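# What the coordinates show
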Amino acid sequence: MGPYIYGAKNGIHILDLTQTVPMLDQALQVVRDTVARGGRVLFVGTKRQAQKPVAEAAERCAQYYMNHRWLGGTLTNWKTVSNSINRLKSIDEAMEQGGEGLTKKERLGMERDQHKLTASLGGIREMGGLPDLLFVIDVNKEDLAIAEAKKLGIPVVAVVDTNCSPDGVDYPIPGNDDAARAISLYCDLVSRAALDGMSAQLGAAGVDIGALEEGAVEEDVAADPGAAEDPAPEAEVPAEDAAAAEA
């Protein structure tokens, strides 16, 4: 990552943001284009500080994630993984019915399996096939995921820190992959790009997004007549706060 380092201060490398910004824009455009053509994006981040933002960002844009532990063969042995997902779904159905016909021991064993499978596969249970793009936090920790993606020709977008190698990453984003705030920012931006791609896909299909939103509002009003009342006036936002929010 030497070419992307601006300098060092107190032994800490400082990334050159004039390079990060255009590379980030390019990566976000790839995410948007992938979703716009109906592709699936898999968010991957299993380190502690990435687990929650990765899951929340993927769910927010109706994509998929792995944030517990990367299971070897998740991509290269998808058939076996699919069998495990089907088992998880069958366990969920059985537990929803109260585990009828099961002994206490069998029920406890099934609950343990459910918890284990949900942690490992819950984020990809509805993926239905291989993803079209990977978004990765920390390429060192997720090296197996990247290797599997490269073997199958699946493009990879990744946040690449100064202690990592960009080899194998199609769209590297030079950035901090340790700080929680930085991880949340990247996940949020990728989620927004995916949502933008979904809007473009619906628009290309002739779906009137405005009509969908209007219909949703009408349903809310029907369910809660009070929602149609004029909302309370918003508090005035100081100019400097508004500028900060836009930035």
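On a predicted model such as this, the values are computed, not experimentally measured, just so you know.

## Concerning the overall build of the protein chain
Counting secondary structure elements, the protein chain contains eight helices and seven strands. Classification of the 247 residues of the protein chain by burial places 37% in the buried group. By sequence separation, contacts in the protein chain at least 24 residues apart represent 57% of the contacts at least 6 residues apart. In the form shown here, the protein chain has an accessible surface area of approximately 14400 Å², with 51% of it arising from carbon and sulfur atoms.

## Points about the packing of aromatic side chains
Throughout the structure, instances matching the rule amount to one aromatic pair. Centroid distance Phe-43 to Phe-135: 5.4 Å. Interplanar angle 80°. Geometry classified as edge-to-face. Of this pair, Phe-43 sits in strand β3 (residues 41–44) while Phe-135 is found in strand β5 (residues 133–137), placing the two residues 92 residues apart along the sequence. Of the two residues, Phe-43 and Phe-135, both sit in the buried class.

## Side note on the sheet that holds strand β6 (residues 156–160)
Strand order in the open sheet made by the five strands is β4-β3-β5-β6-β7, with parallel pairing throughout. The strands lining the two open edges of the sheet, one partner per strand, are β4 (64–66) and β7 (171–174). The sheet shows a mean angle of 20° between the axes of neighbouring strands, direction not considered. As paired strands, β3 and β5 are joined by four bridges and run parallel to one another. Across the sheet, residue Val-41 finds its bridge partner in β5, namely Leu-133.

## Here's the deal with unusual backbone geometry
The backbone phi angle of Asn-10 is positive, close to 55°, even though this residue is not glycine. Relative to the helices and strands, Asn-10 resides in the loop between β1 (5–9) and β2 (12–15). The backbone phi angle of Ala-62 is positive, close to 60°, even though this residue is not glycine. With respect to the helices and strands, Ala-62 occurs in the loop between α2 (48–60) and β4.

## Let's talk about helix α4 (residues 104–121)
For α4, which comprises 18 residues, the first-to-last C-alpha distance of 25 Å matches the rise-based estimate of 26 Å (1.5 Å per residue) to within 8%. Residues Gly-109, Met-110, Leu-117, Ser-120 and Leu-121 constitute the buried set of α4. Along α4, the residues classed as buried sweep out an arc of 100° about the axis, all on the same side. Seen from the buried face of α4, the exposed residues on the opposite side, beyond 90 degrees, are Lys-104, Arg-112 and His-115.

## Focus on the pairing of β5
A large share of β5 lies buried, amounting to five of its five residues. The alternating pattern of β5 places Leu-133, Phe-135 and Ile-137 on one face and Leu-134 and Val-136 on the opposite face, and all of these are buried. Inspection of the sheet shows β5 paired to β6 by four bridges, in the parallel sense. When the sheet's bridge partners are listed, Val-136 is paired in β6 with Ala-158. You can see the chain leave β5, run along helix α5 (residues 143–152) and come back into β6, and the turn it takes is right-handed.

## A short note on the confidence of the model for the protein chain
Of the residues in the protein chain, 83% have a pLDDT of 70 or more, and the chain-wide mean is 86. Predicted confidence is poor over residues 233–247, with pLDDT under 50, and the contacts of this stretch with residues over four places away or in other chains come to one contact.

## Some remarks on the packing of α2 against helix α6 (residues 180–204)
Packed helices, taken two at a time, are described by their axes: the angle between them and the distance between them. It is at 9 Å that the axes of α2 and α6 come closest, and there the two elements cross at 15°. Considered as vectors, α2 and α6 are oriented roughly parallel to each other. Between α2 and α6 the crossing geometry is right-handed. Each of Gln-49, Ala-50, Pro-53, Val-54, Ala-57 and Arg-60 in α2 lies in contact with α6, whose residues at this interface are Ile-183, Ser-184, Cys-187, Asp-188, Ser-191 and Leu-195.

## Quick look at the environment of Val-54
With respect to the helices and strands, the residue Val-54 is situated in helix α2. With relative accessibility at 1%, the residue Val-54 sits in the buried group. Taking the C-alpha atoms as reference points, Val-54 and Tyr-186, 132 residues apart in sequence, are found 9.4 Å from one another. Aside from chain neighbours lying at most four places away, what touches Val-54 is Phe-43, Val-44, Gly-45, Tyr-65, Asn-67, Ile-137 and Cys-187.

Procedures and definitions
Residues numbered from 1 in each chain as written. Predicted model: local features only at pLDDT ≥ 70, side-chain atom pairs only at ≥ 80, totals over all residues. Heavy atoms only, no water. Helix = DSSP H or I, 4+ residues; strand = E, 2+ residues; numbered from the N terminus. Buried < 20%, exposed > 50% of the residue type's maximum accessible area, 1.4 Å probe, protein only. Contact = heavy atoms within 4.5 Å. Areas by Shrake-Rupley, 256 points an atom, 1.4 Å probe, with all protein chains shown as cover. Phe/Tyr/Trp six-rings, centres within 6.5 Å; stacked < 30°, edge-to-face > 60°. Pairing = 2+ DSSP bridges. Axes fitted to C-alpha atoms, helices over the stretch in contact; angles between N-to-C directions. Expected span 1.5 Å × (residues − 1). Arc of directions from axis to C-beta. Right-handed = clockwise from strand over helix to strand, strands pointing away. pLDDT = per-residue confidence, 0-100. Parallel < 35°, antiparallel > 145°, perpendicular 65-115°, else oblique. Left-handed = near helix turned anticlockwise from the far one by under 90°.

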